[in-house]
Amino acid sequence: MSLLVGLAFFLFALLGVPLAFAMGLAALVGLLNGQLPLNMLAEKMFFSVDSFPLMSIPFFMLAGDLMVRGGIIRELVSVADSIVGHIRGGMAQSTVLAGFGLATVSGTAVADAAALSSALNKSMCRLYSVPFSSAVIGASANLGPIIPPSTPMIIYATLAGGSVTIPALFAAGVIPGLIIAAGMMMIIAITARVRGYPASGQQFSLVRVVKTMLRSAVVLLMPVIIIGGILGGAFTSTEGGAIAVVYAFVVGMFVKRELRWSHLPGALLNAVVTTAVVGALIAFASTVTFLFTVDMLPVKLSDTLRGLTDDPTMFLFLMMLMMIVVGMFIEPASAYVMFVPILIPLCASFGVDPLHFAMIFILTLIVGMLTPPVGTLLFVMCGINRISLWALSRELTPYIILQQGVVILILFFPALVLWLPKALGLS
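As the structure is a computational prediction, the values presented were derived from the model and not from experiment.

A. Representation of the packing of aromatic side chains within the structure. If you walk through the whole model with that rule in mind, you get 10 aromatic pairs. When the centroid spacing of 6.2 Å and the interplanar angle of 85° are considered together, the rings of Phe249 and Phe254 count as edge-to-face. Accessibility expressed as a relative area gives 51% for Phe254, which makes it exposed. Judged by centre distance (6.0 Å) and plane angle (45°), the ring pair of Tyr336 and Phe361 falls under tilted. Here Tyr336 is found in helix α18 (residues 332–349), whereas its partner Phe361 is found in helix α19 (residues 354–367), with 25 residues between them in sequence. Both residues of the pair, Tyr336 and Phe361, belong to the buried class.

Put into structure tokens, the structure is as follows:
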């Protein structure tokens, strides 16, 4: 039955059916083939999305949108420029720091790419080549799902059935996010020196940095309050998302005074559409996962892998290779709902720390958003700047290698993702 469901899914996907509905139709085929009651489709769909943590997704999406419309993103860029704008490639360096700051609120890559492009794209393209500018913005936006709060981490924790918690995943993403951001800035520094890119900001001044940070203090406090509150246990991720919305609304409307009431319908619609897509994926995939479980697919996969290796590290390496291939062809949200419920039992059978496994799984798929041939961010940036996929992919190669290199580093040095959650008492 598993084979039939898988073939049905890929057939519907190849015919152009949206992936969520392709999963639903594949589940229907499986139910009919297994002579199971059709009302199970509705039951599994309902219970899979009846989850309080999933409510945080529209909140964080809305908060990120309000930050852009309220001019808050420009404050982040201003702070970043005061710190690194004086060096070669300073505008690109500022983009990385601004992307890091935006990631602490939004939690998604595509929304961050649109926000960073709206604020920085024209300025960057005047200073650097268009492919280089697009690559830096795309790679910086990819910090969104890594730095807490992260929408993929919320989805993963919901699908993982309690094996990991959202705060633990959030904490685990901090050190990899910092390493990747620092590595990107090193790549930009080397590229700028080789190509002779100019500095874009004023001469460095500690006084200017302090003044800029004080002027933007209300913006800089936002991630401190939200992430600190979630990791410290003051409130849940859903409550943190609601606080982020209120904070972004108040700052944009009454402090920056750039947010307008007319902006709210568009921001709300974007959040609703994104949430609906994620909800549909999870709902339909839950039935597919149920059919795989009935067909004993996790047990069969476990036996197959046991025939190849008993080593937990080799198991993680094989899973990483599989997710690299999956990420090249399947949108990450779809991959989460398809594979997480199947792979979690395998993780347990090999004695792998579930948080360690989760971070390798999540980060590998996040890298896939930059990877040809169907990386989501590739098409976003190609569409914004109307450049070829080849030109963008060539400029993105160092950042892809960096981000995948960090995943490999985590594989062999799990303390990089396990230390902070344990230090905070989250795992």
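There's plenty left to go through after this.
B. Representation of the pattern of salt bridges in the model. Summed over all chains, the structure comprises five salt bridges. Notably, a salt bridge pairs Asp65 with Arg69, separated by 2.5 Å at the nearest N-O pair. One end of the pair is Asp65 and the other is Arg69, both in helix α4 (residues 56–69) and four residues apart, which spans about a single turn. Taking the relative accessible area as the measure of exposure, Arg69 reaches 27% and is therefore partly exposed. When the shortest N-O distance is used, the salt bridge between Glu258 and Arg74 registers 2.1 Å. A residue pair is termed long-range when its members are at least 10 positions apart, and Glu258 in the loop between α14 (237–255) and α15 (264–294) and Arg74 in helix α5 (residues 72–84) qualify at 184 residues. Glu258 sits in the partly exposed class, given a relative accessible area of 27%. With relative accessibility at 46%, the residue Arg74 sits in the partly exposed group.

C. Just the packing of α19 against helix α22 (residues 415–423), in detail. As a packed pair, α19 and α22 sit with axes 9 Å apart at the nearest point and diverge in direction by 125°. With respect to their mutual orientation, α19 and α22 come out oblique. The element α19 and its partner α22 pack so that their crossing is right-handed. Counted together, Leu355, His356 and Met359 of α19 and Val417, Leu418 and Pro421 of α22 form the full contact between these two elements. In the contact of α19 with α22, the residues fall into five nonpolar, one polar and no charged.

D. The arrangement of the side chain of Asn385 in detail. As for its position among the elements, Asn385 is in helix α20 (residues 376–385). Polar contacts involving the side chain of Asn385 include one to the side chain of Asn121, which spans 2.7 Å. Apart from the residues lying within four places of it in its own chain, the contact partners of Asn385 are Asn121, Cys125, Val130 and Ser134.

E. Spatial organisation of the side chain of Asp65. Judged by relative accessible area, Asp65 falls into the buried class, the value being 13%. A polar contact of 2.9 Å, which involves the side chain of Asp65, links it to the side chain of Asn270.

F. Spatial organisation of the environment of Ala189. Within the secondary structure layout, Ala189 lies in helix α11 (residues 174–195). For Ala189, a relative accessible area of 34% gives the class partly exposed. When the C-alpha positions of Ala189 and Gly89 are compared, they lie 6.5 Å apart, and in sequence the two are 100 residues distant.

G. Region of interest: the packing of helix α6 (residues 90–103) against helix α8 (residues 130–141). Running from N to C, α6 and α8 cross one another at 20°; their axes reach a closest spacing of 8 Å. As judged from the angle between their axes, α6 and α8 are roughly parallel. Note on packing geometry: the crossing formed by α6 with α8 is right-handed. On α8, the residues touching Ala92, Thr95, Val96 and Gly99 of α6 are Phe132, Val136, Ile137 and Ser140.

H. Quick peek at the state of the cysteines. On inspection of all chains with the given rule, the structure shows zero disulfides. The thiol of Cys125 is not disulfide-bonded; the next cysteine sulfur, from Cys382, is found 12 Å away.

Cut-off values and rules
- Residues numbered from 1 in each chain as written.
- Predicted model: local features only at pLDDT ≥ 70, side-chain atom pairs only at ≥ 80, totals over all residues.
- Heavy atoms only, no water.
- Phe/Tyr/Trp six-rings, centres within 6.5 Å; stacked < 30°, edge-to-face > 60°.
- Buried < 20%, exposed > 50% of the residue type's maximum accessible area, 1.4 Å probe, protein only.
- Helix = DSSP H or I, 4+ residues; strand = E, 2+ residues; numbered from the N terminus.
- Salt bridge = Lys/Arg side-chain N within 4 Å of Asp/Glu carboxyl O.
- Axes fitted to C-alpha atoms, helices over the stretch in contact; angles between N-to-C directions.
- Parallel < 35°, antiparallel > 145°, perpendicular 65-115°, else oblique.
- Left-handed = near helix turned anticlockwise from the far one by under 90°.
- Contact = heavy atoms within 4.5 Å.
- Nonpolar A, V, L, I, M, F, W, Y, C, P; charged D, E, K, R; others polar.
- Polar contact = N/O pair within 3.5 Å; in protein donor to acceptor, adjacent residues only side chain to side chain.
- Disulfide = S-S within 2.5 Å.

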